[in-house]
Amino acid sequence: MNLKGRLISANALTVILPVMITVISAMAYIYIAGKLADTEQAIHNTQEVAQLTMELVGRENSVLRQNPEKIKDSSFQKELQARMDILDGEVVVLEGERVLFSSHNLTAIDVVKLKKPAIQFRSARVDLGTQSYTVQSFDVSRDEAQAEKQTTLYLLVPINPASFDMTNFLIFSGLVFLLSFIGANSIASYYFSLRILTPLNNLQKAAMEITLGNLDYEIVEEGDQEVRELCRDLERMRIQLKNSVHTQLKYEDNRKMLISSISHDLKTPVTSIKGYVEGLLDGIANSPEKKEKYLKTIYRKAEQVDTMIDDLLLYAKLDLNQIPFSFEKTNIGEFLDDGLQEIEPEMERNGIKILFESELTSAQEIPLDRERMMRVILNIIDNSRKYMDKEEGVITLSLRETHSSVIIEIKDNGRGIPKKDVAQIFERFYRSDTARTEIKGSGLGLAIAKQIVEGHEGRIWAVSREGKGTSVLISLPRGEA
Ligand SMILES: Nc1ncnc2c1ncn2[C@@H]1O[C@H](COP(=O)(O)OP(=O)(O)O)[C@@H](O)[C@H]1O
Ligand SMILES: [Mg+2]
């Protein structure tokens, strides 16, 4: 049930439940009180009547045994009536069918009822008007011959529930209602505080913590369905907020790193350009040969700055996902072969041989952003060239396939990478100590390669043995996989 439904039913229950409890206990009260009073009354009445009977006729010396005529004495009759009044009872004296005395207005039918044989000589039940009575009858004069002159005394005790005490009943019912109302309300309040208020308080606390910047404050799912959903949404919000703050901090870090690295790495060639220009201006380069040498150095340094700036721009764009990749189905074998043919002459000038081996069983068409993937291959081969320390340099590019991917391996027999560095060479600006001191570079080549390969859903890693050579491997998912 949702919160609204639950609220409505809880409210209804806090009213209906006490009413029901009150009605049931009132009924029980009436039943039990009636029963108790009835039996009490009945016992009391029986005792009283037995006592009176005893006084009147029970013993030899009882009043009516001694003097039966006394029954006709009106003051004696009044006295009897007074005794019976205490029990709300009635006194009737009949002579034959004639009423000698009655404390109750008797009709002819009533007299007939009292005269029934079943009533005679024992206690029985009779209804006079709307009231039922237990009747105790006994003959006062025993004149067997004249039945119509027979005087009979009837003592009637009402059979009715004792008069009902309304005040007690109302107090009782009021109390029951009040208590059950308080009870039902307490239960409802307890339930709501447990299932709604407590979770809401916790949420409020969590919101406070998050506002204060504690983004690790986890929001626990608890309480009613709607409250749980709210908790879940807020928890999701917290995680997103945390992630975005994290990303923002990462970008911030990135930016600081970039700025410090750029300034440092650009400073070096720019400083030497300044030095050579000053040399030219001061006339230190006095011969045409020297001048040309200075200018060529300046040109090389400027070129270096230029490629560094290009690298930086490309890296920044890739990092911010600014330019989308444009994939085209490409035959990977032909693509690599064409690329290698272009750089072969330049490599030969550096005394490096390039080999290409393909173990592919069929032509593999792979979606590639050609320009960027070529950039990856060239960056890697450029490293092999830069970090080559052997007389006969060899770079082998080989192609293999597994059931789900194509693997490109670029292997050289250069100086290799120290074990501690291998894992880090794909981080931006990371350069091994020797590279940093001796060989020009931005430290961005492999970071760019990694970004591009990952843009192709691929993986790039390196295996190297110091002094022997390095293998950089790229695995790309096969088009149909
Ligand atoms: N083929 C290789 N042989 C030896 N060291 C390499 C090779 N490729 C990369 N490295 C190491 O990895 C570092 C990072 O390479 P890279 O990101 O291309 O930066 P850069 O070439 O500008 O130094 C290099 O500085 C170098 O120390
Ligand atoms: Mg490089």
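Under an unreviewed UniProt entry, the name given to the chain is histidine kinase, and the source organism is bioreactor metagenome. The UniProt entry for the chain carries this comment under Catalytic activity (unreviewed entry): "ATP + protein L-histidine = ADP + protein N-phospho-L-histidine." Under Subcellular location (unreviewed entry), UniProt gives the following word-for-word description of the chain: "Cell membrane".

Our next topic: the pairing of strand 2 (residues 98-102). Across four bridges, strand 1 (residues 90-95) lies against strand 2 in antiparallel orientation. Paired with L94 across the two strands is V99, which belongs to strand 2. In textbook terms, the turn of a hairpin is the stretch between consecutive antiparallel strands, and for strand 1 and strand 2 this stretch comprises two residues, one of which, G96, has a positive phi near 60°.

Relative to each other, helix 6 (residues 225-281) and helix 7 (residues 288-319) sit at 170°, their axes nearing to 8 Å. It follows that helix 6 is roughly antiparallel to helix 7 by the angle criterion. In the contact of helix 6 with helix 7, the residues fall into 18 nonpolar, four polar and four charged.

We now examine the nonpolar core. Grouped together as the largest cluster of nonpolar side chains are 46 residues, with contacts concentrated most on I332, I377, I381, I408 and I474. For this core, the domains that each give at least three residues are domain 2 (218-323) and domain 3 (328-477). With residues near it in sequence (within four places) discarded, I332 still touches L360, Q364, I366, L368, L399, V406, I408 and L476. Counting 18 residues, the second largest nonpolar core, distinct from the first, contains V57, L80, V91 and F138.

For the rest of this paragraph, the subject is the sheet that holds strand 9 (residues 393-401). The strand order across the open sheet built from five strands is 7-9-10-12-11, with neighbouring strands paired in mixed fashion. Only two strands of the sheet have a single partner each, and these edge strands are strand 7 (352-358) and strand 11 (459-465). On average, adjacent strands in this sheet sit at an angle of 15° to one another, irrespective of strand direction. Relative to strand 12 (residues 469-477), strand 10 (residues 405-412) runs antiparallel, the two sharing eight bridges. Within strand 12, the position partnered with K411 by the bridge is S471. Across the sheet, helix 9 (residues 370-386) lies against strand 7, strand 9, strand 10, strand 11 and strand 12, angled at about 25° from strand 10, the strand it touches most.

Here we take up the pattern of salt bridges. Per the counting criterion, the structure on display carries 22 salt bridges. One salt bridge in this structure joins R385 and D382, with 2.7 Å as the shortest N-O distance. In this pair, R385 and D382 are both assigned in helix 9, three residues apart and thus about one turn of the helix distant. A relative accessible area of 30% means that D382 is categorised as partly exposed. For R400, the salt bridge identified is with E409, shortest N-O distance 3.1 Å. Residue classification places R400 among the partly exposed residues on the basis of a relative accessible area of 27%. Three or more residues are tied together by salt bridges with common partners; here these are E69, K72, E95 and R98.

For the chain, the assigned domains are domain 1 (3-166), domain 2 (218-323) and domain 3 (328-477). The distance between the C-alpha centroids of domain 1 and domain 2 comes to 113 Å.

Together, E334, D337, D338, E342, E344, E348 and E365 make up a region of like negative charge exposed at the surface. Relative to the assigned elements, E365 resides in strand 8 (residues 365-368).

Where nonpolar side chains cluster on the molecular surface, the patch consists of L13, V15, I16, L17, V19, M20, I21, V23, I24, M27, F177 and F181 and spans about 1000 Å² of accessible area. Mapped by element, the contributors of at least two residues to the nonpolar patch are helix 1 (3-58) and helix 5 (166-211). In terms of residue count, helix 1 provides more of the nonpolar patch than any other element does, ten residues in total. Position of L13 relative to the elements: it lies in helix 1.

Taken together, 19 residues sit near ligand 1, with N383, Y387, R431, S432 and G443 positioned nearest. Contact distances for ligand 1 include 2.7 Å between an oxygen atom and a backbone N or O atom of G443. Separating an oxygen atom of ligand 1 from a backbone N or O atom of G445 is a distance of 3.4 Å. Alone, ligand 1 offers 530 Å² of accessible surface; in the complex the protein occludes 97% of this. The greatest single-element share of the shell around ligand 1, amounting to three residues, is contributed by helix 9. Broken down by class, the residue content of the shell around ligand 1 amounts to seven nonpolar, nine polar and three charged.

About the cut-offs
- In this convention, every chain numbers its residues from 1, walking through the sequence in written order.
- By the order in which they are written, chains take letters starting at A while ligands take numbers starting at 1.
- For a predicted model such as this one, the threshold for reporting local features is a pLDDT of at least 70, and the threshold for listing and counting side-chain atom pairs is 80 or more; totals across whole chains, interfaces and linings nevertheless cover every residue.
- Note: side-chain values were computed over all heavy atoms of the structure, leaving out hydrogens and water.
- UniProt positions are given in the numbering used here, feature names are shortened, and annotations may be inferred rather than shown by experiment.
- In this analysis, strands are considered paired if DSSP registers two or more bridges between them.
- Put simply, DSSP H or I for four residues or longer makes a helix, DSSP E for two residues or longer makes a strand, and each gets a number counted from the N terminus.
- Interaxial angle, 0 to 180 degrees, is taken between N-to-C directions of lines fitted to C-alpha atoms, where a helix line uses only the stretch in contact.
- Geometric relationships in this document are graded by angle, where less than 35 degrees denotes roughly parallel, more than 145 denotes roughly antiparallel, 65 to 115 denotes roughly perpendicular, and other angles denote oblique.
- Classes in brief: Ala, Val, Leu, Ile, Met, Phe, Trp, Tyr, Cys and Pro nonpolar; Asp, Glu, Lys and Arg charged; the others, Gly included, polar.
- Nonpolar cores were defined as sets of buried Ala, Val, Leu, Ile, Met, Phe, Trp, Tyr and Cys residues, with membership established by side-chain atoms within 4.5 Å.
- Three exposure classes are used, based on accessible area relative to the maximum for each residue type with a 1.4 Å probe and protein chains only: buried under 20%, partly exposed in between, and exposed over 50%.
- Each domain's extent was defined by an automatic or database domain assignment.
- Contact definition: two residues touch when any of their heavy atoms are within 4.5 Å.
- The term salt bridge refers to a side-chain nitrogen of Lys or Arg lying within 4 Å of a carboxyl oxygen of Asp or Glu.
- Like-charged residues are merged into a patch within 9 Å and nonpolar side chains (Val, Leu, Ile, Met, Phe, Trp, Tyr) within 5 Å, provided each residue has over 30% relative accessible area and no salt bridge.
- Only the protein chains shown count as cover for residues, with accessible areas throughout obtained via the Shrake-Rupley method and a probe of 1.4 Å.
- Positive charges come from Lys and Arg alone, negative charges from Asp and Glu alone, with His and the N- and C-terminal ends not counted.
- To locate a charge, take atom NZ for lysine, CZ for arginine, CG for aspartate or CD for glutamate.
- A single heavy atom is enough: if one lies within 4 Å of a molecule or strand, its residue is considered near that molecule or strand.
- Any pair of N or O atoms that falls within 3.5 Å is considered a polar contact. Within protein, one atom must be able to donate a hydrogen and the other to accept it, and sequence-neighbouring residues count only if both atoms are side-chain atoms.

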